[in-house]
Amino acid sequence: MPGSRIAKAAVHVAFCTLIMLSAARAEDPSAYPSHPVRLLAASAPGGNPDVLARLLGNRLSETLGSAFVVENVPGAGGVLAAKQVAAAKPDGYMLMLNDSGGVAINIAMNADANYAIKDFTPITALATLPTVLVVKPSVPAHSLDEFVKLVKSKPGKMSFGSAGAGSIHQLTMVIFAQRAGIEMLHVPYRGGTGLVNALLTGEIDAGWSGIPNVLSLIRDGKVRALCISVLKRDETLPEVPTCDELGYKGFDVATMLGLQGPAGMPPAIVARLQQATAKILREPEMTKRMVTLGMQLQENGTAQYAQFMKDDLARYTAVIDTLHIGKK
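Q: So what exactly am I meant to see when it comes to the sheet that holds strand 9 (residues 224–228) here?
A: Within a sheet, each strand pairs with its neighbour through backbone hydrogen bonds, oriented either parallel or antiparallel. The sheet built from five strands is open, its strands ordered 7-6-8-5-9 with mixed pairing. Looking at the sheet topology across the chains shown, the edges are occupied by strand 7 (185–188) and strand 9. Across the sheet, the mean angle separating the axes of adjacent strands is 30° when strand polarity is ignored. Note: strand 6 (residues 159–162) against strand 8 (residues 206–210), two bridges, orientation parallel. By the bridge assignment, Phe160 is partnered in strand 8 with Ala206.

The following block contains the structure:
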């Protein structure tokens, strides 16, 4: 019957309109997030990206009203996670918590990192992971100045350890050695634990280490701390000066943890994530937890983080080119 067909057609049109409106709302930045967000942590469980991703993800879930589900994607120094995000749809439903290893160092040195800075949307910096220059107790240097003079007296004879070729530990020492005019023998290990163990057994003379890895050893006198790698003293080692304070002006080298998404994310979604993250990172409990993890807050807006990513890549590219390591 004509009336019945008209009624059915009207119902069909109304149903299609409802679907279209729902789809439009799902894609509307003001409605973000309307379903769970995947947050890739570029490390194994327990790594710095994983720990911070879970802390941040829990609070973002509560603040923005949809689950932020953390997925561990370890491997190749952050490259595997970065590849997934670079290839993802830029709708804000796949994000990444990665560091300078994945979005600077490996771009410069790893041929398998077939992506570029332009393949990501910087959202915000989160925190830096300063390192501390430590020496074994038998090294007759109780200050940075004494250490530099000692190394200069034995060019190429004294050794330093790192968590592997191209690691932040090696690059920090290379950058420092260039500034100080010293030459040391590099001994790479598999991870930061290997570096610390080598210091304790006396296999190496020195090394830049993550602060939590050596904090108790410094306090027990098993290793000696000479300086911090960033411009601000660390709250857990307030007595240890920065390199900048000791005459190496502007020396500021550390892994930066940041929040990124695929290139082309809507600015309104980026702003929503940045604003929520900035507020969360300054909550007293979060601030306290970051201090215990050896992290220093670095959130300062999206534009500043975008510039930092470019500058970070340029700095490490220059060092890696000098060392002639990486891409072949």
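Q: When you look at the sheet that holds strand 4 (residues 120–129) in this model, what are you seeing that I'm missing?
A: Read from one edge to the other, the open sheet built from six strands follows the order 2-1-3-10-4-11, with strand pairing classed as mixed. Whereas interior strands pair on both sides, the edge strands pair on one side only; in this sheet they are strand 2 (68–72) and strand 11 (296–297). As judged from the two bridges shared by strand 4 and strand 11, these two strands associate in the antiparallel manner. Paired with Thr128 across the bridge in strand 11 is Gln296.

Q: What is the right way to read the pairing of strand 2 from this model?
A: Remember that side chains alternate between the two faces of the sheet whenever the strand is regular. Of the strand pairs in this sheet, strand 1 (residues 37–41) and strand 2 are connected by five bridges, and their pairing is parallel. Bridged to Arg38 within strand 2 is Val69. Chirality of the crossover, the property in question, places the unit of strand 1, helix 2 (residues 48–64) and strand 2 among those that are right-handed.

Q: Would you explain the confidence of the model for the chain in this entry?
A: Low-pLDDT stretches of the model should not have their predicted coordinates read in fine detail. Residue-level pLDDT values for the chain average 90, and 91% of them are 70 or greater. Of the regions scoring below 50 in pLDDT, residues 9–26 engages in three contacts with residues more than four places distant in sequence or in other chains.

Q: Explain the pairing of strand 1 here, please?
A: Counting buried residues along strand 1, four of its five residues qualify, which places the element largely inside the surrounding structure. Pairing of strand 1 with strand 3 (residues 94–98), which is carried by four bridges, proceeds in the parallel orientation. Each residue of the ladder has a partner; that of Ala41, found in strand 3, is Leu97.

Q: What is the right way to look at the environment of Gly166 in this model?
A: Mapped onto the elements of the fold, Gly166 is located in the loop between strand 6 and helix 6 (168–180). For Gly166, a relative accessible area of 8% corresponds to the buried category. In this structure the C-alpha to C-alpha distance between Gly166 and Ile105, which are 61 residues apart in sequence, comes to 7.3 Å. Excluding anything up to four places from it in sequence, Gly166 contacts Ile105, Met109, Leu171 and Ile325.

Q: Would you explain helix 7 (residues 192–201) in this entry?
A: Given 3.6 residues per turn, any residue in an α-helix points the same way as the ones three and four places further on. All of the buried residues along helix 7 are Gly192, Gly194, Leu195, Val196, Ala198 and Leu199. Packed against the buried residues of helix 7 are strand 5 (131–135), strand 6, helix 6, strand 8 and helix 8 (211–219). Once helix 7 ends, the next one or two residues include Gly202, with phi positive near 85°.

Q: Explain the packing of helix 2 against helix 9 (residues 267–281) to me, please; I cannot follow it from the model alone.
A: Axis separation between helix 2 and helix 9 bottoms out at 10 Å; the angle between their running directions is 115°. As for how helix 2 packs across helix 9, the hand of that crossing is right-handed. Where helix 2 approaches helix 9, its residues Leu56, Arg59, Leu60, Thr63 and Leu64 are matched on the opposing element by Arg272, Leu273, Ala276, Thr277 and Ile280. Class assignment for the residues of the contact of helix 2 with helix 9 results in six nonpolar, two polar and two charged.

Q: Can you walk me through the pattern of salt bridges in this structure?
A: As a working rule, side chains carrying opposite charge can pair if their charged atoms are close by. Applying the stated criterion across every chain, the model contains eleven salt bridges. Between Asp312 and Arg315 there is a salt bridge whose closest N-O contact spans 3.2 Å. Placement of both Asp312 and Arg315 in helix 11 (residues 302–323) is noted, with a separation of three residues, approximately one turn of the helix. Using a relative accessible area of 3% as the deciding quantity, one classes Asp312 as buried. A relative accessible area of 27% means that Arg315 is categorised as partly exposed.

Q: Looking at this structure, how should I read the nonpolar core?
A: Nonpolar side chains in soluble globular proteins generally cluster together in the buried interior. Membership of the largest hydrophobic core comes to 57 residues, with the highest contact counts inside it found for Leu133, Phe147, Phe176, Met184 and Tyr316. Per element, the largest residue contribution to this core is eight residues, and it comes from helix 6. Each residue touching Met184, except ones within four places of it in the same chain, is listed here: Phe147, Val151, Met158, Ser159, Phe160, Met173 and Ala206. Ranked by size, the runner-up nonpolar core spans 32 residues in total, among them Leu39, Leu126, Leu259 and Met295.

Q: Please clarify how the side chain of Glu299 should be interpreted in this entry.
A: In this structure, Glu299 sits in the loop between strand 11 and helix 11. What makes Glu299 buried here is its relative accessible area of 8%. Reaching out from Glu299, the side chain makes a polar contact with the side chain of Thr124 at a distance of 3.0 Å. A distance of 3.0 Å separates a polar atom in the side chain of Glu299 from a polar atom in the side chain of Arg282. Other than its neighbours up to four places away in sequence, Glu299 contacts Thr124, Ala125, Leu126, Gln274, Ala278, Leu281 and Arg282.

Analysis parameters
- Residues numbered from 1 in each chain as written.
- Predicted model: local features only at pLDDT ≥ 70, side-chain atom pairs only at ≥ 80, totals over all residues.
- Heavy atoms only, no water.
- Pairing = 2+ DSSP bridges.
- Helix = DSSP H or I, 4+ residues; strand = E, 2+ residues; numbered from the N terminus.
- Axes fitted to C-alpha atoms, helices over the stretch in contact; angles between N-to-C directions.
- Right-handed = clockwise from strand over helix to strand, strands pointing away.
- pLDDT = per-residue confidence, 0-100.
- Contact = heavy atoms within 4.5 Å.
- Buried < 20%, exposed > 50% of the residue type's maximum accessible area, 1.4 Å probe, protein only.
- Left-handed = near helix turned anticlockwise from the far one by under 90°.
- Nonpolar A, V, L, I, M, F, W, Y, C, P; charged D, E, K, R; others polar.
- Salt bridge = Lys/Arg side-chain N within 4 Å of Asp/Glu carboxyl O.
- Core = buried A, V, L, I, M, F, W, Y, C linked by side-chain atoms within 4.5 Å.
- Polar contact = N/O pair within 3.5 Å; in protein donor to acceptor, adjacent residues only side chain to side chain.

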